[in-house]
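# Secondary and tertiary structure notes
Residue-level listing of the chains:
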Amino acid sequence: PSSEGINKLFNQLSSELLHGSSGLDRTCSLVKELKTAALRNFTIKKLFWKSNDLYPFLIGKLQEHLPRLEDPTTQRDRRKTINDLQFCRLIVETLGVMFRETETEPTRLPLLTAKRGILVVSLLKILISGPHVLKTPCMVGDGVSVERGVPA
C-alpha cells in the first residue's frame, strides 16, 4: 500500500475511534483493525505516536472498562464482564504492538512524558492491579455470610 493509502486508513480509523459514538462492538472492531494495520505496516505505529490522541484514548478506555467489573449476577452481566475483559485485553495487546520497535520514534517520548507521564503511570497501575472485582456477600446454609468474588 502507498503511504497516502496508509495515511488515509490511519486517519479514518483514528477519526472513527475518537469521534464516533460507537458501541463496544464497533470500538473493539476498530481497535482490532488498528492493531492488525500496525502489525502489517510500521508507518501505522509512527502515525499512532504522532497523533497525540489515540494513546490517551486507549488508556481512557482501559480505565473506563476495567474498574467497572462487578460480581456478575445475571447471564447478561457475565457476558458484559467477559466483553469488557476481552476489550481491555485487546487494548493492552494493541498498545504492546505500538510500543514494540518504536523506541527511537521521536514523537513517542514527548507523548509518554507529557503531564509528568501521568498516562504511563495510569497504564502501569492498570497492568499491575488488573480488574477490580467487587465482592458481594452470599448467604449459605444456615444464613452464614460468605464473601464470594470472580477470580481476576
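All values derive from a computational prediction rather than experimental measurement.

The next point concerns the overall build of the protein chain. Counting its secondary structure elements, the protein chain contains seven helices and two strands. Ordered by position in the sequence, the α and β elements of the protein chain form the string α-α-α-α-α-α-α-β-β. In the protein chain, which comprises 152 residues, the proportion classed as buried is 35%.

This part takes up the side chain of Thr94. Here Thr94 lies in helix H5 (residues 75-99). Judged by relative accessible area, Thr94 falls into the buried class, the value being 0%. Setting aside its immediate chain neighbours within four residues, Thr94 contacts Val31, Leu34, Lys35 and Leu58.

What follows deals with a nonpolar patch on the surface. Taken together, the side chains of Val92, Leu124, Leu127 and Ile128 make up a nonpolar region of the molecular surface, amounting to roughly 380 Å² of accessible area. A per-element tally of the nonpolar patch places helix H7 (residues 118-129) first, with three residues. Residue placement: Val92 occurs in helix H5.

Right, let's get into the nonpolar core. Of all hydrophobic cores here, the largest spans 32 residues; its most connected members are Leu34, Ile44, Phe48, Tyr55 and Leu95. Broken down by secondary-structure element, the contributors of at least two residues to this core are helix H1 (3-19), helix H2 (24-40), helix H3 (42-51), helix H4 (54-65), H5, helix H6 (108-113) and H7. With seven residues, H5 is the largest single contributor of residues to this core. Leave out the neighbours within four places in its chain, and Tyr55 touches Phe48, Trp49, Leu95, Phe99, Leu111, Leu112, Leu119, Val120 and Leu123.

To continue, consider the packing of H4 against H7. Interhelical geometry of H4 versus H7 gives an angle of 35° and a closest axis separation of 10 Å. In the packing of H4 onto H7, the handedness of the crossing is left-handed. Contacts between H4 and H7 involve Tyr55, Pro56, Ile59, Leu62 and Gln63 from the first element and Leu119, Val120, Ser122, Leu123 and Ile126 from the second. Classifying every residue of the contact of H4 with H7 by side-chain character gives eight nonpolar, two polar and no charged.

For the rest of this paragraph, the subject is the confidence of the model for the protein chain. Per-residue confidence for the protein chain averages 82 on the pLDDT scale, and 80% of its residues sit at or above 70. Mean pLDDT across the elements of the protein chain bottoms out in strand E2 (residues 144-148) (39) and peaks in H3 (96). Note that pLDDT drops below 50 for residues 134-152; the model gives that stretch 25 contacts with residues more than four away or on any other chain.

Here the focus is the side chain of Lys45. Checked against the element boundaries, Lys45 lands in helix H3. Look past the residues within four positions of Lys45 in its chain and what remains in contact with it is Ala38, Val97, Met98, Arg100, Glu101 and Thr102.

The next subject is H3. Those residues of H3 lying buried are Ile44, Lys45, Leu47, Phe48, Trp49 and Ser51. Packing partners of the buried residues in H3 comprise H1, H2, H4, H5 and H6. A side-chain oxygen of the first residue of H3 lies 2.9 Å from the backbone nitrogen of Thr43; this N-cap is Asn41. Downstream of H3 by one or two residues, Asn52 has phi in the positive range, about 65°.

The rules behind these values
Residues numbered from 1 in each chain as written. Predicted model: local features only at pLDDT ≥ 70, side-chain atom pairs only at ≥ 80, totals over all residues. Heavy atoms only, no water. Helix = DSSP H or I, 4+ residues; strand = E, 2+ residues; numbered from the N terminus. Buried < 20%, exposed > 50% of the residue type's maximum accessible area, 1.4 Å probe, protein only. Contact = heavy atoms within 4.5 Å. Patch = residues over 30% accessible without salt bridge, like charges linked within 9 Å, V, L, I, M, F, W, Y side chains within 5 Å. Areas by Shrake-Rupley, 256 points an atom, 1.4 Å probe, with all protein chains shown as cover. Salt bridge = Lys/Arg side-chain N within 4 Å of Asp/Glu carboxyl O. Core = buried A, V, L, I, M, F, W, Y, C linked by side-chain atoms within 4.5 Å. Axes fitted to C-alpha atoms, helices over the stretch in contact; angles between N-to-C directions. Left-handed = near helix turned anticlockwise from the far one by under 90°. Nonpolar A, V, L, I, M, F, W, Y, C, P; charged D, E, K, R; others polar. pLDDT = per-residue confidence, 0-100. Polar contact = N/O pair within 3.5 Å; in protein donor to acceptor, adjacent residues only side chain to side chain.

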